[in-house]
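# Per-entry structural report
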Amino acid sequence: MRGSEGRARPLRLTPEGERVAAAALEARQAVVQRLVDRLTGEQREQLVAIAGALLGPEARSEETLARLCRLCDRARCPECPVYEGWQGACSGDAGANGVR
């Protein structure tokens with residue numbers, strides 16, 4: 001978090017906060033997995049393409065990235081269309097915005 005004098009102080013979760021965050025992420029993942037399990041392999045591929053087309057171009061700044069990813073598993077960023085879109089926006093690569 002940046003102060004008015006340009007100083008920065010990182011925020012960190014307590015050990016209890018880490019446990020609560022991990023439990024919340026696990027619960028969210030279980031719900032998403034139950035939904036995705038209903039889809040065929042082809043439908044899953046289509047969902048990935050649609051998510052990339054919808055969300056990838058939205059990640060134009062760190063602020064937008066944080067908003068879109070606030071409930072995500074950060075360990076999966078490299079395989080995410082939102083992250084891919086942000087990387088493309090940062091590098092100026094219009095083709096890497098998640099739209100295929």
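Everything below is about the structure shown above.
What comes next is a walk through the structure. It should be emphasised that the depicted structure is a prediction, and the values quoted were computed from it without experimental measurement.

### Quick look at the packing of aromatic side chains
- For the structure on display, the rule yields one aromatic pair.
- Ring geometry for Tyr83 versus Trp86: centroids 5.9 Å apart, planes at 45 degrees, classification tilted. You can see Tyr83 and its partner Trp86 sitting in helix H4 (residues 81-91), three residues apart, about one turn around the helix.
- Trp86 sits in the buried class, given a relative accessible area of 15%.

### Quick look at the side chain of Thr64
- Residue placement: Thr64 occurs in helix H3 (residues 62-68).
- Here Ser61 takes part through its side chain, which lies 3.1 Å from a polar atom of the side chain of Thr64.
- Ignoring sequence-local partners within four residues, the contact set of Thr64 consists of Glu58 and Ala59.

### Describing a nonpolar patch on the surface
- Residues Ile50, Leu54 and Leu55 make up a contiguous nonpolar surface patch of roughly 280 Å² in combined accessible area.
- Relative to the elements of secondary structure, Ile50 occurs in helix H2 (residues 41-55).
- For Ile50, a relative accessible area of 47% puts it in the partly exposed group.

Rules behind the numbers
- Residues numbered from 1 in each chain as written.
- Predicted model: local features only at pLDDT ≥ 70, side-chain atom pairs only at ≥ 80, totals over all residues.
- Heavy atoms only, no water.
- Phe/Tyr/Trp six-rings, centres within 6.5 Å; stacked < 30°, edge-to-face > 60°.
- Helix = DSSP H or I, 4+ residues; strand = E, 2+ residues; numbered from the N terminus.
- Buried < 20%, exposed > 50% of the residue type's maximum accessible area, 1.4 Å probe, protein only.
- Polar contact = N/O pair within 3.5 Å; in protein donor to acceptor, adjacent residues only side chain to side chain.
- Contact = heavy atoms within 4.5 Å.
- Patch = residues over 30% accessible without salt bridge, like charges linked within 9 Å, V, L, I, M, F, W, Y side chains within 5 Å.
- Areas by Shrake-Rupley, 256 points an atom, 1.4 Å probe, with all protein chains shown as cover.
- Salt bridge = Lys/Arg side-chain N within 4 Å of Asp/Glu carboxyl O.

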